[in-house]
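# Analysis of the macromolecular model
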2 protein chains.
Amino acid sequence: MTARTSDNSLTDTASQLRNAIVRTSRALRQDAAGETGLSPATTAALASIGRSGPLTPSELAEIERVKRPTMTRTLACLEREGLIERTPDPADGRSSLVAVNEAGREHLARLRRRKSAYLARRLRKLDPAEVETLARAAELLERIREDERG
Amino acid sequence: MTARTSDNSLTDTASQLRNAIVRTSRALRQDAAGETGLSPATTAALASIGRSGPLTPSELAEIERVKRPTMTRTLACLEREGLIERTPDPADGRSSLVAVNEAGREHLARLRRRKSAYLARRLRKLDPAEVETLARAAELLERIREDERG
DNA sequence: GTTGATAATTAGCTTAGCAAACTAGTTTGG
DNA sequence: CCAAACTAGTTTGCTAAGCTAATTATCAAC
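Below is a short write-up of the structure. (Residues numbered from 1 in each chain as written. Chains lettered and ligands numbered in written order. Predicted model: local features only at pLDDT ≥ 70, side-chain atom pairs only at ≥ 80, totals over all residues. Heavy atoms only, no water.)

### Describing the nonpolar core
Formed by 41 residues in total, the largest nonpolar core has its most connected members in A:L17, A:L134, B:L123 and B:L134. Contributions of two or more residues to this core are made by α1 (3-35), α6 (118-123) and α7 (128-148) of chain A together with α1 (3-35), α6 (118-123) and α7 (128-148) of chain B. The residues touching B:L123, leaving out its near neighbours within four places in the chain, are A:L10, A:T13, A:A14, A:L17, B:V131 and B:L134. In this structure, A:L55, A:A61, A:L78 and A:V100 belong to the second largest nonpolar core, which totals 17 residues. (Core = buried A, V, L, I, M, F, W, Y, C linked by side-chain atoms within 4.5 Å. Buried < 20%, exposed > 50% of the residue type's maximum accessible area, 1.4 Å probe, protein only. Helix = DSSP H or I, 4+ residues; strand = E, 2+ residues; numbered from the N terminus. Contact = heavy atoms within 4.5 Å.)

### Observations concerning the protein's contact with DNA strand C
Of all residues adjacent to DNA strand C, which total 23 residues, the nearest are A:S39, A:G93, B:S58, B:R94 and B:S95. At 3.4 Å, a backbone N or O of B:P57 approaches a phosphate oxygen of DNA strand C. Contact distances for DNA strand C include 2.4 Å between a phosphate oxygen and a side-chain N or O atom of B:S95. For the surface near DNA strand C, the elements supplying multiple residues, two or more each, are α2 (40-52) and α4 (68-80) of chain A together with α1, α3 (57-64) and α4 (68-80) of chain B. (Near = heavy atom within 4 Å. Polar contact = N/O pair within 3.5 Å; in protein donor to acceptor, adjacent residues only side chain to side chain.)

### What about the interface of chain A and chain B?
Taken together, the contacts link 58 residues of chain A with 57 residues of chain B. Summed over both partners, the interface of chain A with chain B buries about 5700 Å², with 63% contributed by carbon and sulfur atoms. Three residues, A:R18, A:R23 and A:I144, lead the burial of chain A against chain B; their summed loss comes to 12% of the area buried on that side. Inspection of the chain A/chain B interface yields 8 salt bridges. Notably, a salt bridge pairs B:E64 with A:R26, separated by 3.7 Å at the nearest N-O pair. The interface formed by chain A and chain B contains 17 residue pairs in polar contact (both at pLDDT 80 or more). Counting residues per element, the ones that place at least two in the side of chain A that touches chain B are α1, α2, α3 (57-64), α6 and α7 of chain A. (Buried area = accessible area lost by both parts, 1.4 Å probe. Salt bridge = Lys/Arg side-chain N within 4 Å of Asp/Glu carboxyl O.)

Written out as structure tokens, the structure reads:
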């Protein structure tokens, strides 16, 4: 392992990782369609709102790394499903604050309980060290996305 | 960390991982659009063809875990870009064998050289142990998807 | 040789991303 | 204090990429 080969193995790792991520996210989409009635993008947004409290659509768009019009649509979906509530932003009349309501909290709790969710189901077949590896990988992926933020 | 909490931490890990994957794959899509002119799905297909030699569209669809009509479209795109070639399948007149042509090989080589590809760029900021974690995670993700195959 | 399965495609739908244009509030300079 | 510039959110219209159902062409088996 010289510094020379390390750069090659880096791009190899990158491309393997890329394939794994693209394919897994495809599998997630299929699974979500079949099971919860809420797509992965929508679920992720709901989880973010639940985790980070009342937020403006713009803040949420930034967290999820999508453009504002995309978040507008996602929020419309969550609202249609009755999982979130909006209150006018006291600080800015153009904006609103989005929060998870009771139904949304229940939905999140159900998801968390959900033993059959695609990844949880599969994680149960791995040994603890492997699960740990994936947990750390999730952190790393979030972290390297964070770096972008400038 | 008892056996009791282990099931909770499993679903927690699952949901963190899910978010990380969904967001990263979104970032990948944006990056691909901006840089190479070839989307992640299309690039992944090209890489698979390159790796696994001449294949029928059906085989490729199975590798990429998409349905055949989806692969039909992806192949049409690769063909339009002049990166692949089809020859009639000698064993089956309904089918054809898809292979990467010279331009496709160059494109793949360029991708491999590409120091600025989204993930490679970020991987370079991590220490070797972290890169290793992600490499193992990629393998694990592929493996747990494999389990599905029944 | 007809019948039933299978490979690929076509047609039509959906989701989820984008950019550009619009609306309505906010901020700022004069 | 009001007009101009800016900004948050939405609307509109486009694209990519997934799906199912239906077609077409070939293959296999009887």
